[in-house]
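# Close look at the chain arrangement
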Amino acid sequence: MVKRVGIIGAGQLGQMLGFAGRNLGVECIFLDPGDNPPAAAAGKVLQYAFDSEEGLAALAARSDVITYEFENVPVDALAKLPAGTVVYPPAAALEHAQDRMVEKTLFENLQIPVPGFRPVDSREDLEKAADELGLPIVLKTRRLGYDGKGQAVVRDRTDMDDAVDALGGSDLIAEQWVPFDREVSAIGARSASGEVAFYPLTQNEHKDGILSVSRAPADADLLEPSARLYIERLLTQLDYVGVLALELFVADDRLLANEFAPRVHNSGHWTIEGSETSQFENHLRAILDMPLGATGMRGEAGMVNLIGRIPDDRSALDSGCCHLHDYGKAPRPGRKLGHVTVVSEERDERDQILEKLANQLNS
Ligand SMILES: Nc1ncnc2c1ncn2[C@@H]1O[C@H](COP(=O)(O)OP(=O)(O)O)[C@@H](O)[C@H]1O
Ligand SMILES: [Mg+2]
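In this text, all values refer to a predicted model and were calculated from it rather than measured experimentally.

Below, the discussion takes up the coordination of the magnesium ion (ligand 2). Donor atoms from the polypeptide that coordinate the magnesium ion (ligand 2) comprise Glu 247 (OE), Glu 247 (OE) and Glu 259 (OE), at 2.0 to 2.8 Å from the metal. With a gap of 12 residues between them, Glu 247 in strand S13 (residues 242-251) and Glu 259 in strand S14 (residues 254-261) connect regions that are remote in the sequence.

Shown next, in the form of structure tokens:
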């Protein structure tokens, strides 16, 4: 029998979940207020506000299980779902991911190493945080930040007034600035009956705060066991069901947790062609309590985000070991419009192709 998954949000993550569902005999249906959002290419969209009681009830009535594709779903909205509706990942995961203070405190409680952090609700708090943590500090809004938005680096005390003002004065978090060697992400999945799977660590490069290039496996064999341990602690503590991504800094051969996303993640897009089972398929498998798919590599994988524009000449983006994914969105500066996955037998070849793509996209 066809399984039905209701997804709150209909962006590109929803679209890729919907496409993954087709091979599994899973029908995805979406809730989103937008006109013709990307996921409309993959299933029916119920056009309502995310917190519309009517919309949520309609989604629940058509779904065996409900999930979401972005982490700023109002937790109150989930509470509006009819009694007995199954929602994965659990609301506790959303609550912890939505507030950077709550999130970092969870990491600390689970003995997952983090940069030093302090809550900041005033300029005085920031002064005190600088005394205790040292400078530089990254000041961030506790909620609703994404793609590097809602952040300011405080290098010395003369930056403080501007930083606090720019970010709204309160409900902030001060974090020690980490002089990291590189950034990686750990992606894991846990099914409703507790089966877990992990993808190899992915190495990520950001440009202007937005993920630009990912490579997997990250050359980080010695760090894999710790990363798995940290992911596993989160999955267990949150009684988690679905795919979870943990962003980490690598500094002096140590991992420091930055943030987690209770959903499929941009740094895991390479899994569509680069892994035996994509993160999207494994998310659906997890929430429908099907056996998880194998997470072995199909080669040396990489991904380049297509931000702001997709070149007219697409031939190089979709040939040989390059696979173009166009989300069908209207171009806008800074907007994620698609990505290209690269899978190659050789790491060097993959890196050359990634470099060529990056050059072509920036020309
Ligand atoms: N404490 C920090 N030290 C150094 N760089 C940081 C720190 N926090 C964030 N960054 C940089 O900013 C990027 C975006 O920050 P992040 O906390 O992941 O927010 P977002 O929700 O926007 O992804 C990170 O990927 C990293 O490159
Ligand atoms: Mg991030």
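After that view, the rundown keeps rolling.
The environment of ligand 1 is made up of 19 residues, and the closest members are Lys 140, Gly 148, Glu 183, Asn 258 and Glu 259. The contact in question runs from a nitrogen atom of ligand 1 to an N or O atom on the backbone of Val 178, over 2.8 Å. Contacts to ligand 1 include Glu 183, whose side-chain N or O atom sits 2.6 Å from an oxygen atom. If ligand 1 stood free it would expose 550 Å²; the protein chains cover 89% of that surface. Broken down by secondary-structure element, the contributors of at least two residues to the shell around ligand 1 are strand S6 (137-141), strand S8 (172-176), S13 and S14. Counted by class, the shell around ligand 1 contains 6 nonpolar, 6 polar and 7 charged residues.

As summarised here, the arrangement of the 4 strands in space is S5-S8-S6-S7, forming an open sheet in which the pairing is antiparallel. Each edge of the sheet is formed by a strand with only one pairing partner; in this case those strands are strand S5 (117-120) and strand S7 (151-154). Going from strand to strand, the sheet's axes swing by 25° on average, the running direction of each strand aside. Contacts from helix H5 (residues 100-109) reach S5, S6, S7 and S8 within the one sheet, and its direction differs from that of S5 by about 155°.

What counts, and at which threshold
Residues numbered from 1 in each chain as written. Chains lettered and ligands numbered in written order. Predicted model: local features only at pLDDT ≥ 70, side-chain atom pairs only at ≥ 80, totals over all residues. Heavy atoms only, no water. Donors = N, O, S within 2.8 Å, 3.2 Å for Na, K, Ca; no water. Helix = DSSP H or I, 4+ residues; strand = E, 2+ residues; numbered from the N terminus. Near = heavy atom within 4 Å. Polar contact = N/O pair within 3.5 Å; in protein donor to acceptor, adjacent residues only side chain to side chain. Areas by Shrake-Rupley, 256 points an atom, 1.4 Å probe, with all protein chains shown as cover. Nonpolar A, V, L, I, M, F, W, Y, C, P; charged D, E, K, R; others polar. Pairing = 2+ DSSP bridges. Axes fitted to C-alpha atoms, helices over the stretch in contact; angles between N-to-C directions. Contact = heavy atoms within 4.5 Å.

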